[in-house]
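# Examination of the molecular architecture
The residues making up each chain are set out below.
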Amino acid sequence: MALHKALHEALPKLYSELYQSSAKALQKLCTNLYKALQKLYYTLYQSLSHAVNRARSAQGGSKGVSPLSSKIYSKLYLKLDTEL
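Quick summary incoming for the structure in this document. The structure presented is a predicted model; accordingly, all values stated were derived computationally and were not measured.

## Let's talk about the overall build of the protein chain
A count of helical and extended segments in the protein chain gives two helices and zero strands. The proportion of buried residues among the 84 residues of the protein chain is 5%. Carbon and sulfur atoms form 65% of the exposed surface of the protein chain, whose accessible area is close to 7,400 Å².

This is the structure in structure tokens:
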């Protein structure tokens, strides 16, 4: 009977500790995922910029990302940054 009482008293504390550690682990996972998404976005943006520059150079056109596409990517980046 004493063991039953001890388990009954210990379970809420154990549950609370498990819940808190799970929440911390989830927060760390989300933070790491967010950083990875930012890095992926930056890499894709750079690759796209280079591809556009190469294509325009091959055609003898202007270099760089057009102001419109630059504005779109800036908005996407800001949206990603504020949502997470």
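## What to know about a nonpolar patch on the surface
Taken together, the side chains of Leu-33, Leu-37, Leu-40 and Leu-44 define a hydrophobic patch exposed on the protein surface, amounting to about 360 Å² of accessible area. With respect to the element layout, Leu-37 can be found in helix α1 (residues 2-59).

## Notes on the packing of aromatic side chains
Per the counting criterion, the structure on display carries two aromatic pairs. When the ring of Tyr-15 is compared with that of Tyr-19, the centres are 6.5 Å apart and the planes differ by 25°; the resulting orientation is stacked. Placement of both Tyr-15 and Tyr-19 in helix α1 is noted, with a separation of four residues, approximately one turn of the helix. Owing to a relative accessible area of 60%, Tyr-15 belongs among the exposed residues under this scheme. On the accessibility criterion, Tyr-19 (56% relative accessible area) is exposed. Taking 6.1 Å as the distance between ring centres and 20° as the angle between the ring planes, the aromatic pair formed by Tyr-41 and Tyr-45 counts as stacked. Of the two residues, Tyr-41 and Tyr-45 both sit in helix α1, four residues apart, roughly one turn of that helix.

The rules we used
Residues numbered from 1 in each chain as written. Predicted model: local features only at pLDDT ≥ 70, side-chain atom pairs only at ≥ 80, totals over all residues. Heavy atoms only, no water. Helix = DSSP H or I, 4+ residues; strand = E, 2+ residues; numbered from the N terminus. Buried < 20%, exposed > 50% of the residue type's maximum accessible area, 1.4 Å probe, protein only. Areas by Shrake-Rupley, 256 points an atom, 1.4 Å probe, with all protein chains shown as cover. Patch = residues over 30% accessible without salt bridge, like charges linked within 9 Å, V, L, I, M, F, W, Y side chains within 5 Å. Salt bridge = Lys/Arg side-chain N within 4 Å of Asp/Glu carboxyl O. Phe/Tyr/Trp six-rings, centres within 6.5 Å; stacked < 30°, edge-to-face > 60°.

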